[in-house]
Amino acid sequence: MAGVLLWVVCPKGNATAMLSLIPRSGNKPKKRSFNGVSAVSSAVANPARSSEERVYDVVLKQAALVKEQRGRKALDLEKRDEKTDGVSAWDVLNEAYDRCGEVCAEYAKTFYLGTLLMTPERRRAVWAIYVWCRRTDELVDGPNASHITPRALDRWEKRLDDLFEGRPYDMLDAALSDTVSKYPVDIQPFKDMIEGMRLDLVKSRYINFDELYLYCYYVAGTVGLMSVPVMGIAPESKSSVESVYNAALDLGIANQLTNILRDVGEDARRGRVYLPQDELARFGLSDDDIFRGQVTDRWRNFMKDQIKRARMFFDEAEKGVSELNSASRWPVWASLLLYRQILDAIEENDYNNFSKRAYVGKVKKFASLPVAYGRALMGTSKLI
Ligand SMILES: CC(C)=CCC/C(C)=C/CC/C(C)=C/CC/C(C)=C/[C@@H]1[C@@H](COP(=O)(O)OP(=O)(O)O)[C@]1(C)CC/C=C(\C)CC/C=C(\C)CCC=C(C)C
Ligand SMILES: [Mn+2]
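Named according to an unreviewed UniProt entry, the protein is 15-cis-phytoene synthase originating from Hibiscus sabdariffa.

Q: How would you summarise the side chain of Arg272 if you had to cite specific residues and measurements?
A: You can see Arg272 is positioned in the loop between α13 (264-269) and α14 (277-282). Assessed through its relative accessible area of 16%, Arg272 is described here as buried. Not counting residues up to four positions away in its chain, the partners in contact with Arg272 are Asp200, Lys203, Ser204, Arg205 and Asp267.

Q: Can you break down the packing of helix α5 (residues 89-107) against helix α9 (residues 171-182) residue by residue, with the values?
A: Contact geometry of α5 with α9 gives a least axis separation of 8 Å together with a crossing angle of 105°. Classed by the angle they form, the pair α5 and α9 counts as roughly perpendicular. Along the contact surface, α5 presents Val92, Leu93, Glu95, Ala96, Tyr97, Arg99 and Cys100, while α9 presents Met171, Leu172, Ala174, Ala175, Asp178 and Thr179.

Q: I'd like a rundown of the site of ligand 1, residues and numbers included.
A: Every one of the 29 residues lining ligand 1 counts as a neighbour, but Asp137, Asp141, Asn255, Gln256 and Asn259 are closest to it. Between Asn259 and ligand 1, the recorded distance is 3.3 Å, taken from a side-chain N or O atom to an oxygen atom. Notes on ligand 1: free accessible area 1000 Å², of which the protein chains cover 88%. Of all the secondary-structure elements, those providing two or more residues to the shell around ligand 1 are α7 (120-141), α11 (209-231), α12 (241-262), α16 (297-321) and α17 (326-348).

Q: Can you lay out the coordination of the manganese ion (ligand 2) for me, pointing to particular residues and giving the numbers?
A: Looking at the manganese ion (ligand 2), the protein donor atoms are Asp137 (OD), Asp137 (OD) and Asp141 (OD), and they sit 1.9 to 2.4 Å from it. Placement of both Asp137 and Asp141 in helix α7 is noted, with a separation of 4 residues, approximately one turn of the helix. Overall, Asp137 belongs to the partly exposed group, its relative accessible area being 23%.

Q: Go over the nonpolar core with me, naming the residues and quoting the values.
A: Grouped together as the largest cluster of nonpolar side chains are 107 residues, with contacts concentrated most on Trp132, Phe190, Leu212, Tyr217, Leu275, Ile290 and Trp299. The leading source of residues in this core is α11, at 15 residues. Excluding anything up to four places from it in sequence, Trp132 contacts Trp156, Leu160, Leu163, Asp173, Leu176, Phe190, Met193, Ile194 and Met226.

Q: Hey, could you go over the environment of Asp162 for me, with residue numbers and the actual values?
A: Turning to its location among the elements, Asp162 is positioned in helix α8 (residues 150-164). You can call Asp162 buried: its relative accessible area is 16%. In sequence terms Asp162 and Asp173 are 11 residues apart; their C-alpha atoms lie 9.4 Å from each other. Setting aside residues up to four positions removed in sequence, Asp162 forms contacts with Arg167 and Pro168.

Calculation notes
- Residues numbered from 1 in each chain as written.
- Chains lettered and ligands numbered in written order.
- Predicted model: local features only at pLDDT ≥ 70, side-chain atom pairs only at ≥ 80, totals over all residues.
- Heavy atoms only, no water.
- Helix = DSSP H or I, 4+ residues; strand = E, 2+ residues; numbered from the N terminus.
- Buried < 20%, exposed > 50% of the residue type's maximum accessible area, 1.4 Å probe, protein only.
- Contact = heavy atoms within 4.5 Å.
- Axes fitted to C-alpha atoms, helices over the stretch in contact; angles between N-to-C directions.
- Parallel < 35°, antiparallel > 145°, perpendicular 65-115°, else oblique.
- Near = heavy atom within 4 Å.
- Polar contact = N/O pair within 3.5 Å; in protein donor to acceptor, adjacent residues only side chain to side chain.
- Areas by Shrake-Rupley, 256 points an atom, 1.4 Å probe, with all protein chains shown as cover.
- Donors = N, O, S within 2.8 Å, 3.2 Å for Na, K, Ca; no water.
- Core = buried A, V, L, I, M, F, W, Y, C linked by side-chain atoms within 4.5 Å.

Structure, rendered in structure tokens:
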């Protein structure tokens, strides 16, 4: 019966159909300059479109969806509150969202606290997205990761298609199914995250930043694109929707680059090097140096460069946070400030990310929360 109820509570998705109506755009992302050359290095070497340009197409599509949705009314759940065996669809859905909240509170306490400032509707929608992302990551990083095959990811993607069409497979999917029916959330970033997990199964080296950028978009930039339609853009914002999405994308990229820099040693022990091979070579380094795990001056200089680039993405992201709905800003500021401090911690560890985990202590963490709150109170800037 639960299965039937889950089906009933989630109406047909509409975002996918809308996507095909949006023309492809040739718009180019802003050119980032990093040490005098484009931050996406192979864009220079390779006359074909860079990863950044390809990802920007997704940004434009997501922004177009938001524009379509503006002015449309949210679905009226009350109208679907018909009882079956004394249990209403409303009850089941509430329980599903509560479960998402519990998972979120368990795995990401600070972020969970931040979401409590959001409106109840938005908060539970963000939880549903969080839970889907966490489950997707667990497929390749969780206890059963060694059994995960590309076919298992194909099945996970089929489940995603189904939930977007209002046919959730389980309770947690039902919450997301409801969320995507209410907010202009497109399926593409979700599919792209699965693509990132597929990549992780077969790829353990990145020849240049262009390749790494695409990976970071898949596993983390996508989170920004999924979240903005739910968090909402401030009605008083004068910025273009595209620029806000771009900032959200940048926050995901910045977070993932930081993750990568923090986890160099841990990843190396799994045979993985998520650092651009051409940049390592430019600093006279190779995989062997990483497996050896010695902090040398070459390594320090290389790391300084990598940290500089990650900070550049955080700086770009910052410009967009104030354009979000005021109630959504605090958790975003909090996560931005906390994550960025991991880069400071790597520096404090004298760039030893082989055997020392960069960690932001509780005191610093808590000190960031009022700072985040203060920034969240500030009004919108003008991001074009
Ligand atoms: C305009 C503007 C700036 C808007 C804000 C947009 C926004 C909310 C961006 C969120 C960016 C964000 C938190 C990205 C997540 C990056 C991340 C850490 C990805 C991890 C991937 C895989 O990493 P890896 O396996 O190498 O590392 P682990 O050892 O496993 O950590 C992920 C684990 C992918 C899965 C992601 C999540 C579980 C997080 C999902 C989070 C949300 C849906 C909520 C985002 C909202 C806020 C407020 C942070
Ligand atoms: Mn992971």
